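Understanding the architecture of this molecule
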Amino acid sequence: MNKVLLGILGAFVLLVLVIGLAGVSTYNGLVNRSQAVDAQWAQVQNVYQRRADLIPNLVATVSGAANFEKSTLTEITAARASVGKVQVSSSAAPTDPAQLAEFEKAQGQLSSALSRLLVVAENYPTLKATAGFQTLQSQLEGAENRIAVERGRFNDAARDYNAAIKRVPAVFFAAALGFKDKAYFAAAPGAEKPPAVQFDFSKPAAASP
């Protein structure tokens, strides 16, 4: 009888150890995936900040043009300020879709204001010909492309993490250990490709291959 009890006890202890080891391995894997999403979120923030940092120079360059439309400058300055008012963590990816949507909306308004400013700039040939303005155009084009790429990478990392916390055995204890779904950027049609940034609005945009 004692041997039977010892055998049952041994099997129970072994089962607990196996479950414990599986749990530790799964937990560590989820931590790594969560950190990967947070790291990619920081990179997204970095490229958006790079664009924001270009705007003061852009405004200063454009405002030097004679009779440039002041309302356009006011709009882009206000849009940049509104981005800074959206409270999102720079170190941890958001888990609240509404918070990320608010962040996206503010960034989208800034993108629209930038586009309108560059459209208006087409009416100022002297401004367009300056080396400073041409450099800023190139830098903004690079920033927009990097934003599209980093957003896509963020969504990929978030998708992998979100799938991981729903798989067995993680699904049984992920929520209890504080692992929650990460929010995604809303993907517009064709979002897998960097946007074509066109600065010469007198010509039609070239079709993407």
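Computed from a predicted model, the values in this text were never measured in an experiment.

What to know about the packing of helix α2 (residues 70–85) against helix α3 (residues 97–121)
Axis separation between α2 and α3 bottoms out at 9 Å; the angle between their running directions is 160°. With respect to each other, α2 and α3 are oriented roughly antiparallel. Relative to α3, α2 is oriented so that their crossing is left-handed. On the side of α2, the interface is formed by T72, L73, E75, I76, A79, R80, S82 and V83, while α3 contributes A106, Q107, Q109, L110, A113, L114, R116, L117 and V120. Residues belonging to the contact of α2 with α3 are distributed by class as follows: 10 nonpolar, four polar and three charged.

Remarks on the packing of aromatic side chains
Overall, the coordinates contain eight aromatic pairs when judged by the stated rule. Between W41 and F154, the aromatic rings sit 5.6 Å apart at their centres with planes inclined by 55°, giving tilted as the arrangement. Of this pair, W41 sits in helix α1 (residues 2–63) while F154 sits in helix α5 (residues 131–164), placing them 113 residues apart in sequence. Measuring from centroid to centroid gives 6.4 Å for F103 and F185, while their planes differ by 50°, and the two rings are tilted. Highlighted residues: F103 in helix α3 and F185 in the segment after α5, separated in sequence by 82 residues. Assessed through its relative accessible area of 4%, F103 is described here as buried. Here F185 falls in the buried class, since its relative accessible area comes to 3%. A connected cluster of aromatic rings, assembled from ring pairs, spans W41, Y48, F103, F154 and F185. In this arrangement the basic side chain of K182 is found over the ring face of Y161, its NZ or CZ atom lying 5.4 Å from the centre.

What to know about the packing of α3 against α5
The geometry of α3 relative to α5 is characterised by a closest axis approach of 13 Å and an angle of 150° between their N-to-C directions. By the angle class used here, α3 and α5 are roughly antiparallel. The chirality of how α3 crosses α5 is left-handed. Where α3 abuts α5, its residues E104, S111, L114, L118 and A121 lie against F133, Q137, L140, E144 and R151. The class makeup of the residues in the contact of α3 with α5 is five nonpolar, two polar and three charged.

Quick notes on the rules
Residues numbered from 1 in each chain as written. Predicted model: local features only at pLDDT ≥ 70, side-chain atom pairs only at ≥ 80, totals over all residues. Heavy atoms only, no water. Axes fitted to C-alpha atoms, helices over the stretch in contact; angles between N-to-C directions. Helix = DSSP H or I, 4+ residues; strand = E, 2+ residues; numbered from the N terminus. Parallel < 35°, antiparallel > 145°, perpendicular 65-115°, else oblique. Left-handed = near helix turned anticlockwise from the far one by under 90°. Contact = heavy atoms within 4.5 Å. Nonpolar A, V, L, I, M, F, W, Y, C, P; charged D, E, K, R; others polar. Phe/Tyr/Trp six-rings, centres within 6.5 Å; stacked < 30°, edge-to-face > 60°. Buried < 20%, exposed > 50% of the residue type's maximum accessible area, 1.4 Å probe, protein only. Lys NZ or Arg CZ within 6 Å of the ring centre and 35° of its normal.

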